[in-house]
Amino acid sequence: MGAGRLAGAPVSGEGLKFFADSMLGKLARWMRTIGCDVEYERSIEDGALIERALREERIVLTRDTLLVRRRRLKGRCFFVESPIVADQLKAVVERFGLDSAGFLTRCLRCNARLERAAKEAVKERVPPYVCQTQDEFSVCPKCGRIYWAGTHREGMLREIERMLKG
Ligand SMILES: [Zn+2]
């Protein structure tokens, strides 16, 4: 932590946690793709969202102008202006200094941090060709989904680069 760091103005995404409102499911997924800790629930009442965000020290990402004005969220809320997911991602990356260093270290489905898994441990659960061609696997401790390198992964990385450039 640098000496000139202002309170409430993080210079890097390191350690930041977010809660995306129900309109920002796609943004939440892309943020998870680059390794950000982002909780998201498709339907959650404003009051419950605020409670949970405060309790877990998460910054609320919202497109709801009423939610932004909630006094309890003062300084803990970021208004996402654009309806376009590429612009949304760009806005949060710029505002919070996020980077893609944690690319695919988090489950896209449930936000848990992935754990390295041995090929032996996952071979029954991945397609045979994947088992033959891949050596590195990770698994979500929460939902059990298995991740591996491959063309899909490269495609996602390219898509992120494209979104952040645009
Ligand atoms: Zn999961």
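On a predicted model such as this, the values are computed, not experimentally measured, just so you know.

Enquirer: Go over the sheet that holds strand β2 (residues 37–40) with me, naming the residues and quoting the values.
Expert: The strand order β2-β1-β3-β4 describes an open sheet built from four strands, whose pairing is parallel. Looking along the sheet, the strands with just one partner apiece sit at the ends: β2 and β4 (77–79). In this sheet, neighbouring strand axes are inclined to one another by 25° on average, regardless of whether the strands run parallel or antiparallel. In this structure, strand β3 (residues 59–62) lies alongside β4, joined through three bridges in parallel fashion. Bridging across to β4, V60 finds its partner in C77. Packed onto the sheet, helix α1 (residues 25–33) meets β1 (17–20), β2 and β3 and runs at close to 155° relative to β2.

Enquirer: Mind laying out the pairing of β3, listing which residues take part and the relevant values?
Expert: Side chains of β3 alternate between two faces, with I59 and L61 and V60 and T62 buried alike. Summarising the sheet, β1 and β3 pair through three bridges and their orientation is parallel. If you follow F18 over to β3, its bridge partner there is I59.

Enquirer: An account of the pairing of β1 is requested, with residue identities and associated values reported.
Expert: Bridge analysis of β1 against β2 gives four bridges, and the strand direction is parallel. The residue bridging F18 from the neighbouring strand is V38, located in β2. Between the parallel elements β1 and β2, the chain passes through α1 in a crossover that is right-handed.

Enquirer: Got a sec to walk through the nonpolar core? Specific residues and values, please.
Expert: Counting 24 residues, the largest nonpolar core has F18, A20, L27, M31 and L61 as its most contacted members. Of all the elements in the fold, those that place two or more residues in this core are β1, α1, β2, α2 (46–55), β3 and α4 (85–96). Apart from residues lying up to four places away in sequence, A20 is in contact with L27, A28, V38, Y40 and L61. Core analysis: the next-biggest nonpolar cluster, separate from the first, contains eight residues, C107, A117, V139 and C140 among them.

Enquirer: Pulling in residues and values, what's your account of unusual backbone geometry?
Expert: Even without being glycine, E57 reaches a positive phi, approximately 55°. Relative to the assigned elements, E57 resides in the loop between α2 and β3. In this structure E57 comes out as exposed when scored by C-beta crowding, with 11 C-beta atoms within 10 Å. A positive phi angle, close to 80°, is found at N111, a residue other than glycine. Residue position: N111 is located in the loop between α4 and β5 (115–117). By the C-beta count within 10 Å, which is 21 here, N111 ends up buried.

Definitions and cut-offs
- Residues numbered from 1 in each chain as written.
- Predicted model: local features only at pLDDT ≥ 70, side-chain atom pairs only at ≥ 80, totals over all residues.
- Pairing = 2+ DSSP bridges.
- Helix = DSSP H or I, 4+ residues; strand = E, 2+ residues; numbered from the N terminus.
- Axes fitted to C-alpha atoms, helices over the stretch in contact; angles between N-to-C directions.
- Contact = placed C-beta atoms within 7 Å.
- Buried ≥ 20, exposed ≤ 12 C-beta atoms within 10 Å, placed from the backbone.
- Right-handed = clockwise from strand over helix to strand, strands pointing away.
- Core = buried A, V, L, I, M, F, W, Y, C linked by C-beta atoms within 7 Å.

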